[in-house]
Amino acid sequence: MDSPTSTRLRTPRAAGLAGVVFAVLLAAAVVLMRIAVPSGSPAEAAVDADKRWAVRLALEIVPFAGIFFLWFMGALREHSGEVEDRFFATVFLGSGFIFVATLFVAAAAAGTVLNEAVPPSGFGRPFAYTVLTSYAMRVAAVFAFSTSAIGRRLGVFPRPVAPLGFATGLALLVLGSGVPWIEMVFPFWVLVVSLHILRAGLRRTP
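Report on the accompanying structure. This one's a predicted model, so the numbers in the text were calculated from it and none came from an experiment. (Residues numbered from 1 in each chain as written. Predicted model: local features only at pLDDT ≥ 70, side-chain atom pairs only at ≥ 80, totals over all residues. Heavy atoms only, no water.)

For the coordinates displayed, the defined rule picks out 14 aromatic pairs. Both rings, one in Phe22 and one in Phe69, keep their centres 4.9 Å apart while their planes meet at 55°; by these two values the pair is tilted. Of this pair, Phe22 sits in helix H1 (residues 18-36) while Phe69 is found in helix H2 (residues 52-80), placing the two residues 47 residues apart along the sequence. For the pair formed by Phe22 and Phe69, the shared burial category is buried. Here the aromatic cluster, defined as three or more aromatic residues joined through ring pairs, consists of Phe22, Phe69, Phe72, Phe92, Phe99, Phe143, Phe186 and Trp189. (Phe/Tyr/Trp six-rings, centres within 6.5 Å; stacked < 30°, edge-to-face > 60°. Helix = DSSP H or I, 4+ residues; strand = E, 2+ residues; numbered from the N terminus. Buried < 20%, exposed > 50% of the residue type's maximum accessible area, 1.4 Å probe, protein only.)

As structure tokens, this is what we get:
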């Protein structure tokens, strides 16, 4: 029997699925919000009463997406092994935590549209849209950059995955607040990385 000092917690195999679940949940939340709020005027047009169900459902999804993203971060660290560069690891963890925080803040602010019968005049929806597109997506870009850099340096990502991460980060950084639906790039990249982690885990399994 292992002593308490030599016992090491094992990463659950299901952790590799966390990124897939996050990608699906975040993509669903983005689609629902885009259905409810016109893409061209997110801070001006009122949400139709018959579309508020989409906002309500999206806000119910976001907390679970954030939780699964934290598990996805853990799966990434396990996949990269015990050799870690402190600089990139700090940026990786910091950007991941800030992304979840800004995602939650944007969702909480977006909840104000459920009580709006007329176009908003101040805080609520414009604040939520700014936090999501100008802050959350750009922090997600930093996360994609740092993750791809770690994967490339340690050789734990296949050759196409790292450049895809850099391209994703560049798109989110430059186009985060100017192109509708650009938010979908991030869950797509997470899905690709998660599928690679799952595939690598299956190869290591006897």
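On we go from here.
Among the structural elements, Gly19 can be located in helix H1. In this structure, the C-alpha to C-alpha distance between Gly19 and Leu191, residues 172 residues apart in sequence, is 6.1 Å. Filtering out sequence-adjacent residues up to four positions away, Gly19 remains in contact with Phe72, Val190 and Ser194. (Contact = heavy atoms within 4.5 Å.)

Here we come to the environment of Gly169. With respect to the secondary-structure elements, Gly169 resides in helix H5 (residues 161-175). A sequence separation of 30 residues divides Gly169 from Val139, and the C-alpha atoms of the two residues are 9.0 Å apart.

Phe69, Phe72, Phe99, Phe143 and Phe186 are the most contacted members of the largest nonpolar core, which has 48 residues in total. Those elements that place two or more of their residues in this core are H1, H2, helix H3 (86-110), helix H4 (124-154), H5 and helix H6 (185-204). The biggest single contributor to this core is H2, with 11 residues. If near-sequence neighbours (up to four positions away) are discounted, Phe186 is found in contact with Phe22, Leu26, Phe69, Phe99, Ala140, Phe143, Thr168 and Leu172. (Core = buried A, V, L, I, M, F, W, Y, C linked by side-chain atoms within 4.5 Å.)

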